[in-house]
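# Structural description and commentary
Given next are the chains, with one letter for each unit.
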Amino acid sequence: MTTHGSQSQFSRFVSEQRRAGTLVLQPRMGFGDPARMRRGLLAVRSAGLPAIGTVTLDSYTRHNAHDEAAAALASGVELNGYPLVAIPLGRTARMLEGVRCAEFPVQVRHGSAQPEQIFATMLALGLDASEGGPVSYCLPYSRIPLRVATAAWARAVRVLADRRDRGMLCHLESFGGCMLGQLCPPSLLVALSVLECLFFVEHGLGSVSASYAQQTNADQDAEALWALRRLCAEELSTVDHHLVLYTYMGLYPATRAGGRVLLSDSVRLAVRTGTERLIVKTTAEAHRIPTIAENVEALRLAHECARTAPGPEPAPAGDTEVYLQARALVDAVRCLAPTLTEALPLAFERGLLDVPYCLHPDNRNDARCVIDPDGRLVWWDTGRLPLPTALGGRRRTERVGAARLLADLTHHRRRLDHTTVSAGPRHAGNERHGQRVPH
Amino acid sequence: MGKLELETRKHAAGGGRLKFLVSSVPTDSHTWNLVVLQLLIEEMGHQVVNLGACVPVDLLLAACRAERPDYVVLSTVNGHGQADGARVIAALRGDPALAGLTVVIGGRFGTRGDAGPGLRRELLARGYDAVFPADVDGPARAVEQLREFVESRAAEAR
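Residues numbered from 1 in each chain as written. Chains lettered and ligands numbered in written order. Predicted model: local features only at pLDDT ≥ 70, side-chain atom pairs only at ≥ 80, totals over all residues.

With that out of the way, let us pick up the overall build of chain A. Secondary structure summary: chain A contains 15 helices and 10 strands in total. Its C-alpha atoms give chain A a radius of gyration of 20 Å, near enough to 22 Å, the size a compact globule of 439 residues would have. Viewed in the frame of its principal axes, chain A has a C-alpha envelope of about 60 × 55 × 45 Å. Per-residue burial for chain A yields a buried fraction of 56% across its 439 residues. Considering only contacts in chain A between residues 6 or more positions apart, those separated by 24 or more positions represent 73%. (Helix = DSSP H or I, 4+ residues; strand = E, 2+ residues; numbered from the N terminus. Rg over C-alpha atoms; globule rule 2.2 N^0.38 Å. Buried ≥ 20, exposed ≤ 12 C-beta atoms within 10 Å, placed from the backbone. Contact = placed C-beta atoms within 7 Å.)

Right, here's the structure in full:
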């Protein structure tokens, strides 16, 4: 594989599409069976869309339980993703043969708090793009201490960065824009995503993307994406970077019609803000892991919607509240220590970063947020976050009750399933896999 | 929710403040179910220790020994609930220090015929005191069943 300038193959593809004014689309696809994984990638590649291929790994591999993944494979149990480490390299090489190329990059998505083995396997196969982060793959999905995850991620990122010596430029996307999938205030998502990108750069990586997940109000989400773009321009000007949006990662509408509305909203949000890449959800999402056909259908719908969406709008002049809050959080964390490897765990210990409702032992869990009558996600209590009252900081004695929390968690489902109930039947699907952890 | 809150106040007024240990099973990373459960049980007037996501069996046993809860409430939604649930209850029932502990499990178990009597019977036979399968559209029903179960146990004890 050849590389040009300072861009990874992954981000070069994204840049070319950006120049053409095209939104890059990507599924969240992953299957345990290599033959099916290959069919899935080929189906995305041959769909005639500006799409990137995804290999999402299973939950055993995420926890480095590779023996268990291998045992499940051997006994014919269906896994909820591709067991990259458990499957012999030669078999994965055959799975990928003739699939990826400059016009069809492939990214590995995994969810691991300790991704060293996953990255080593990826590199052995010539795969150069992945995602995650020391905070975003530790706090929501594991019990591993944040310091342990941060050290593991530091080593793992350096392994990717060192490939530069052999002419391979690797790309990492921060998953910091997701954090529990829903009910995380936009400014905290923006700050975490930027901080994780800075962490990647600190360990030598030269090509990153910052993420943001669609929340509950389109105008607020647009503000957040513009704030993210501005912070990236200010903090990451020396490295290749772009933005990626995730279609809603929380409790997804149960009806096909409701799911399509939410997906279309996310496409228009991406186009409006000039966001380069979008990771889509399917209408089957609320019920089970989507099929290949459902993934391709979602990509087609998104592409059609992007082609007809109104074009990009200019970012608002001046400082928005999302920007000012995110800027304050980033600055406060960077002041804690000379490196982010030290500063990130310290920030959570002191409550300068605090993810609402996150139960990980290293998260203070003092901060709270709610959805206001306009559908905007607002702080209810900022705990010890370094946000003065003038910037939206607030403390409260009364807490958010179960009824309010349940209502906020089901916001889109109540909004979209009810209004579109006559537009189509509930999605038919068994619940064999349950709802997968978003990644 | 009005009825629930009313019942809650009634129960709390009865002075029956109990200690609940809420936990995920080993392979399940989901936490919103645990967060909501904690709030609902606290609003019933009880105390909650929430162990969070992906709780290894050893950690659960240690927490049960240390906390001595009145109820252990396991919640699972990732589709491995039947296998994980069986593994967890075998360990809990195999620990002599935890004899007599009340253990219930609820959530989405992920097999076809999810909420059918077969799954419930199997998990009860393995040692659970109650099983509350939840439907994707009505998670509140499983919580309501849990509340009724706790109330009936409290009534028996009086």
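On to the packing of helix α9 (residues 218–235) of chain A against helix α10 (residues 256–273) of chain A. Residues and elements named next belong to chain A. Interhelical geometry of α9 versus α10 gives an angle of 40° and a closest axis separation of 10 Å. Judged on the interaxial angle alone, α10 and α9 are oblique. The crossing of α9 and α10 is right-handed. Note on element contacts: α10 touches α9 through Asp 265, Leu 269, Arg 272 and Thr 273, opposite Ala 218, Asp 221, Ala 222, Leu 225 and Trp 226. Of the residues in the contact of α9 with α10, the class split is five nonpolar, one polar and three charged. (Axes fitted to C-alpha atoms, helices over the stretch in contact; angles between N-to-C directions. Parallel < 35°, antiparallel > 145°, perpendicular 65-115°, else oblique. Left-handed = near helix turned anticlockwise from the far one by under 90°. Nonpolar A, V, L, I, M, F, W, Y, C, P; charged D, E, K, R; others polar.)

Before going further, it helps to examine the packing of helix α8 (residues 186–202) of chain A against α9 of chain A. Residue and element names in this part refer to chain A. Taken N-terminus to C-terminus, the directions of α8 and α9 make an angle of 25°; their axes are 10 Å apart at the nearest point. Judged by the angle between their axes, α8 and α9 are roughly parallel. As for how α8 packs across α9, the hand of that crossing is right-handed. Taking contact as the criterion, the partners of Pro 186, Leu 189, Val 190, Ser 193, Val 194 and Leu 198 in α8 are, on α9, Gln 220, Asp 221, Ala 224, Ala 227, Leu 228, Leu 231, Cys 232 and Glu 235. Residues of the contact of α8 with α9, tallied by class, amount to 10 nonpolar, two polar and two charged.

For helix α7 (residues 146–162) of chain A, built from 17 residues, the straight-helix expectation of 24 Å at 1.5 Å per residue is met to within 8% by its first-to-last C-alpha distance of 24 Å. Residues of α7 of chain A that are buried: Leu 146, Ala 149, Thr 150, Ala 152, Trp 153, Ala 156, Val 157, Leu 160 and Ala 161 of chain A. (Expected span 1.5 Å × (residues − 1).)

Another point: the domain arrangement of chain A. All names here are of chain A. What the domain assignment lists for chain A is domain 1 (9–308) and domain 2 (321–413). The C-alpha centroid of domain 2 is placed 24 Å from the C-alpha centroid of domain 1. At the interface, 40 residues of domain 1 touch 34 residues of domain 2. Counting only elements with at least two residues in the side of domain 1 that touches domain 2, the list comes to α7, α8 and α9. If you tally residues by element for the side of domain 1 that touches domain 2, the top one is α8, at 10 residues. Classifying every residue of the side of domain 1 that touches domain 2 by side-chain character gives 28 nonpolar, eight polar and four charged. (Domains from an automatic or database assignment.)

Quick look at the confidence of the model for chain B now. With 83% of its residues at a pLDDT of at least 70, chain B reaches an overall mean of 83. Taken over the whole predicted complex, pTM reads 0.91, whereas the ipTM for its chain interfaces reads 0.87. (pLDDT = per-residue confidence, 0-100.)

Moving on: helix α6 (residues 116–124) of chain A. Residue and element names in this part refer to chain A. Those residues of α6 lying buried are Ile 118, Phe 119, Thr 121 and Met 122. Buried residues along α6 cover an arc of 160° about the axis, so they all sit on one side. Of the surrounding secondary structure, the elements contacted by the buried residues of α6 are α3 (59–62), β3 (106–109), β4 (129–132) and α7. Just past α6, the residue Gly 126 takes up positive phi, approximately 80°. (Arc of directions from axis to C-beta.)

So, on to the sheet that holds strand β5 (residues 130–133) of chain B. Consider a sheet: its strands pair through backbone hydrogen bonds, and that pairing is either parallel or antiparallel. All names here are of chain B. On the basis of which strands lie adjacent, the open sheet formed by five strands has the order β2-β1-β3-β4-β5 and parallel pairing. Bordering the open sheet on either side are β2 (47–50) and β5, each of which pairs with just one other strand. Across the sheet, the mean angle from the axis of one strand to that of its neighbour is 20°, orientation sign disregarded. In this sheet, strand β4 (residues 102–107) lies alongside strand β3 (residues 71–76) in parallel orientation, the contact comprising six bridges. Bridging from a neighbouring strand, Ser 75 pairs with Gly 106 of β4. Strands in contact with helix α3 (residues 57–67) are β1 (19–23), β2 and β3; relative to β1, the strand with the most contacts, it is inclined by about 170°. Along the sheet, helix α5 (residues 117–125) contacts β4 and β5; its crossing angle with β5, the most-contacted strand, is approximately 150°. (Pairing = 2+ DSSP bridges.)

This part covers the sheet that holds strand β5 (residues 171–174) of chain A. Residue and element names in this part refer to chain A. Reading across from one edge, β1-β8-β7-β6-β5-β4 is the order of the six strands in this open sheet, with parallel pairing throughout. Looking at which strands have only one partner, the edges of the open sheet turn out to be β1 (24–26) and β4. Geometrically, the sheet is characterised by an average inter-axis angle of 25° between neighbouring strands, direction not taken into account. Strand direction decides the pairing type here: strand β7 (residues 240–246) and strand β8 (residues 277–279), joined by three bridges, are parallel. In the sheet register, Tyr 246 faces β8, and the bridge partner there is Ile 279.

The next subject is the environment of Val 244 of chain A. Residue and element names in this part refer to chain A. Residue position: Val 244 is located in strand β7. The spatial distance from the C-alpha of Val 244 to the C-alpha of Tyr 212 is 6.5 Å, given a sequence separation of 32 residues. If sequence neighbours within four positions are ignored, Val 244 has contacts with Glu 173, Ser 209, Ser 211, Arg 277 and Ile 279.

Right, let's talk about unusual backbone geometry for a bit. Although it is not a glycine, Met 179 of chain A adopts a positive phi angle of roughly 35°. Residue placement: Met 179 of chain A occurs in the loop between β5 and α8. The backbone phi angle of Cys 54 of chain B is positive, close to 45°, even though this residue is not glycine. Here Cys 54 of chain B is to be found in the loop between β2 and α3. According to the C-beta neighbour criterion, Cys 54 of chain B is buried, with 22 such atoms within 10 Å.

So, about the pairing of β5 of chain A. Residues and elements named next belong to chain A. Alternating residues of β5 divide into His 171 and Glu 173 and Leu 172 and Ser 174, and every residue in both groups is buried. The pairing of β4 with β5 spans four bridges and is parallel. Bridge pairing links Ala 129 to His 171 in β5. The parallel pair β4 and β5, bridged by α7, forms a crossover whose chirality is right-handed. Bridge analysis of β5 against strand β6 (residues 207–213) gives two bridges, and the strand direction is parallel. Paired with Leu 172 across the two strands is Val 208, which belongs to β6. (Right-handed = clockwise from strand over helix to strand, strands pointing away.)

The tendency in soluble globular proteins is for nonpolar side chains to be buried as a group. Residues and elements named next belong to chain A. Among the nonpolar cores identified, the biggest contains 173 residues, and Val 190, Val 194, Leu 195, Leu 228 and Ala 302 are the most heavily contacted of them. In terms of residues, this core owes the most to one element, α8, which gives 12 residues. Counting contributing residues, this core receives three or more from each of domain 1 (9–308) and domain 2 (321–413). Beyond its immediate stretch of four places on either side in the chain, Val 194 contacts Ala 210, Leu 231, Cys 232, Glu 235 and Val 330. (Core = buried A, V, L, I, M, F, W, Y, C linked by C-beta atoms within 7 Å.)

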